[in-house]
Structure formats: C-alpha cells, structure tokens
Amino acid sequence: MKKITIIGGGASGTLLAVNLIRNAGQAPIEVNLIEKRAKVGRGVAFGTEYDTHLLNVPAAKMGGFPDDVEHFYKWLGGKGYSYEPNSFVPRKIFGMYLGDLLHESRNGSSPPNAKLDLIDDEAIDLTARNGLLNVALSSGAGIVSDHAVLAFGNFLPPHPSVEDRSFITSNMYFQNPWTTEMYESLSPNDSVFIVGTGLSMVDVAMHLTAHDHRGNIRAISTRGLLPAVHALGFTYPAFYDELKPIREITAMLKTVRRHIAAAEASGSNWRGVIDSLRPVTQQIWLDLPLAEKKYFKQHLSRYWNVARHRMPAEAAEVLNTMRAVGQLEILKGRLRKIDFDSSQFDIEYSADGM
C-alpha cells in the first residue's frame, strides 16, 4: 500500500487529497490529511462567511478536477443555485463545495482500494529514514509515509516595513485581513488605512461598503496598482512549447508580449494569453534558475499579480463608485513611519514610492 501524508487541510490540501483518491489505480493507497482547524477543507480564502468575498474565477472554470473544470458549476445546479457559468460566486459557497468533495471521498465515492483519513492534529516535525518519511504530531503520535506534501496555505502578511513597529500592539491594527474581529471592531465613520492594493484590499473595501461604512478608506502600495478587471469570453491557443526551453525572464517576457500583440490582432486580448498559461505556470516557475526567480520577484511580480489575479467586473464597479465619491483613495508610495496613540494612527509615506 502506498501511503501519502498531506500536512494542511485547506483548499490545496483538500483538492490534492480528493484527486489522489479519485484517481487511485489498482494499487492500494492511503491518504492522511492532517489539519487541526475545525473547518477542514476550506482554508483562509474559502473559510469566509461573507457574501461580498467573491471568487476571482468564473464558476464554470472552478471545478476541483483537472478533467472536469465545470464540476463546481454542475454542483451548484445540483444544490439548487441559479448562477450562470460566468458568475463570480461567493467564496463561502466554494468552501461548501470543498467540504462536500472531502465528505464524498471519505464516505462512499472512494474506490475500494483507496482510503482517506482526517487527522485532527498538528505536524511538528518531518524526518526521513530508510526511504520513508515520518511525520511527528503534537499529540506524540507519528505517521510513516512514502510521501509527504506540505500544503501550508497562506501565511499572514508581514508587518509594514518601517523602523518603529510599536504600532502593532494597538487593538486597531490588524495583521490578518481575513478575521471577523476586524470588521466587528470598526465603527461606521472610522477612517481605514490598508497596506496593499491587491485582492485582499478589494475584499475589505467590498465588505465595508456593503455594510454601509461611511468613513474614508485609503490603500497604499509601491506601484499603486489595482487588480485588472475580468473581461470574459477571450481565449488564446497554448504556446508553452515556445516557453519551455527559455530560461531567462526577459526573453520569456518578449515571447509573451509577442503573443499578446497577436491576440489583439486576432480579436482576443491579453487576458486570453495569460489564461492560456494557467495550466503550465507552475512548471515554468520550477524550471527557472534561482537568479531569474529573484529577478522576477523584484521587478515583475507586481505586474504579473495584477494581470493574473483579476477581480470581477462587479467588484471593479463598486471600487470605481467609491473612488468617484471620494470614499476610497488609492495611493502610490512607500511607507516611512507609522505612529499611533489611543485614538488614531499618524502615517508618513514617500509619494514617489522610493
């Protein structure tokens, strides 16, 4: 029997577990999924309880199985939801879907030679011996496996990079943008300062405006870039064979730009080109030399995130309205200083971002 232990029962760990069970061959397989949180299968992104937190991929492309990308959309119909294939569904519903996949893999739909166990514990160490891996648990137990997978999920964002960080002791500073305590602590007229202008910022702004928040909201990042907006219906042929031998980011970027120009000339657009890379993005990254990965992280990652992790048009419309009436301001710059007293924060930043 092949034994595989997955450390982390969020979305990634859950999807891996159910796919391993679903695709089990003739040889017996045992999958152990270690997770200490009560809501196994959802993780941070899909553990939200708010309707305002939307998926950033259309429903018909969110299936949990590579050979059935519409599986989630079909599941929605089976549950009585009336979403369209291109709907951006609340993430909490996708969390329910993940929970259902996990339940089915453990109770009834598994092949007879496949077994999935949930382990309510915390992995604290991983050692190798004689070709096997031993996962030590906080309870004192251990699991011996042929393979171990680290599915840690999202870590908390780092604290702002300023010299004096004493402000982190304030009960009005929140490092975790996904906690309900943050929203419960805000009064309707409070001004809010958000470090970052990506999809987490969009989540916060969407939630605040949906709950009649009246205070001003400012968000800052070094480039002041918002996620691009989805425009559905555009496709582009795969061109991974051209990228596969390339080991320099600048050469890869030239190739991608050439295909973007070709897409626009043929009636598609850059979104179709970026979407065509989705199935191979991980392999492209793994094949890059370390120096090229560092170059990408330093110079291009912000632009990739803007293009790859897009927001629904309905979210963009809400943000545009907030900006038009002066409630939301997007700042470009680099934080220099954050002071606080019992009632407010005093924030300094350089507007040129340097």
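Below is a summary of the structure that appears in this document. (Residues numbered from 1 in each chain as written. Predicted model: local features only at pLDDT ≥ 70, side-chain atom pairs only at ≥ 80, totals over all residues. Heavy atoms only, no water.)

1. Here we look at the overall build of the chain
To be explicit about the condition: Secondary structure elements are taken from DSSP: a helix is a run of H or I of four residues or more, a strand is a run of E of two residues or more, and numbering for both begins at the N terminus. In this treatment the radius of gyration is a C-alpha quantity, and the globule benchmark scales as 2.2 Å times the residue count to the 0.38 power. Each residue gets one of three labels from its accessible area relative to the maximum for its type: buried under 20%, exposed over 50%, partly exposed in between, using a 1.4 Å probe on protein chains only. Contacts are assigned to residue pairs that have any heavy atoms within 4.5 Å of one another. Each accessible area value is a Shrake-Rupley result obtained with a 1.4 Å probe; residue values ignore everything except the protein chains displayed when judging cover. Charge counting follows a simple rule: Lys and Arg are positive, Asp and Glu are negative, and His as well as the terminal groups are ignored. The atom standing in for a charge is NZ when the residue is Lys, CZ when it is Arg, CG when it is Asp and CD when it is Glu.
On a plain count of helices and strands, the chain comes out with twelve helices and twelve strands. Computed over its C-alpha atoms, the radius of gyration of the chain comes to 23 Å, within 12% of the 20 Å expected for a compact globule of 354 residues. Principal axes of the C-alpha set define a box for the chain whose edges measure 60 × 55 × 50 Å. Burial statistics for the chain: of 354 residues in total, 41% are counted as buried. Residue pairs in contact within the chain that sit at least 24 positions apart in sequence constitute 65% of those at least 6 positions apart. Counting every atom, the chain has about 19,500 Å² of accessible surface; 51% of that belongs to carbon and sulfur. In the chain, the 37 positive side-chain charges and the 38 negative ones have mean positions that sit 6 Å from each other.

2. What to know about the pattern of salt bridges
Going by this rule: Salt bridge, as applied in this entry: a Lys or Arg side-chain nitrogen positioned within 4 Å of an Asp or Glu carboxyl oxygen.
Taken as a whole, this structure holds twelve salt bridges when the rule is applied. Measuring nitrogen to oxygen at the nearest pair gives 3.1 Å for the salt bridge that ties K79 to D100. Linking K79 in the loop between α2 (71-78) and α3 (91-106) with D100 in helix α3, this pair joins segments that are 21 residues apart in sequence. With a relative accessible area of 22%, D100 lands in the partly exposed category. We note a salt bridge from D275 to R310, for which the minimum N-O separation is 2.8 Å. Here D275, found in helix α8 (residues 270-276), pairs with R310, found in the loop between α11 (301-308) and α12 (313-324); they are 35 residues apart in sequence, far enough to count as distant. The class for D275 is partly exposed, based on a relative accessible area of 23%. The class for R310 is buried, based on a relative accessible area of 3%.

3. Looking at the sheet that holds strand β2 (residues 29-34)
Convention followed: A strand pair is defined by DSSP finding two or more bridges across the two strands. In this description, a line fitted to the C-alpha atoms serves as the axis of each element, helices being fitted only across the stretch in contact, and the angle between N-to-C directions of two axes falls anywhere from 0 to 180 degrees.
The four strands lie next to each other as β3-β2-β1-β7, forming an open sheet whose pairing is parallel. Sheet topology places β3 (114-119) and β7 (147-150) at the edges, where each strand pairs with a single neighbour. Within the sheet, the average angular offset between the axes of one strand and its neighbour, ignoring direction, is 15°. As judged from the four bridges shared by strand β1 (residues 2-7) and β7, these two strands associate in the parallel manner. Following the sheet pairing, I7 is matched in β7 by L150. The strands that helix α1 (residues 11-22) touches are β1, β2, β3 and β7; relative to β2, the one it contacts most, it runs at about 165°. The strands that α3 touches are β2 and β3; relative to β3, the one it contacts most, it runs at about 125°.

4. Comments concerning α12
Note the following rule: To estimate the expected span of a helix, count its residues, drop one, and scale the result by 1.5 Å. In this context, the arc is that of the directions from the helix axis out to the C-beta atoms.
Under the 1.5 Å per step criterion, the end-to-end length of α12 is 16 Å for twelve residues, consistent within 8% with the ideal 16 Å. Listed in full, the buried residues belonging to α12 are A315, A316, L319 and M322. All buried residues of α12 lie within an arc of 125° about the axis, which places them on one face of the element. Across from the buried face of α12, at angles greater than 90 degrees, the exposed residues are E317 and A324. Packing partners of the buried residues in α12 comprise α5 (199-210), β9 (217-221) and β10 (328-332). Residue G326 follows α12 closely and has a positive phi angle near 85°.

5. Considerations on the nonpolar core
Operational definition: Throughout this description, the term nonpolar core refers to a set of buried Ala, Val, Leu, Ile, Met, Phe, Trp, Tyr and Cys residues connected via side-chain atoms within 4.5 Å.
Counting 28 residues, the largest nonpolar core has F72 and F94 as its most contacted members. Secondary structure elements with two or more residues in this core: β1, α1, β2, α2, α3 and β3. For this core, the leading source of residues is α3, giving six residues. Here F72 is in contact with L55, A59, M62, G63, V89, I93, F94 and Y97, once residues within four sequence places are set aside. If you look at the next biggest cluster of nonpolar residues, it comprises 21 residues, including Y183, V202, M322 and L328.

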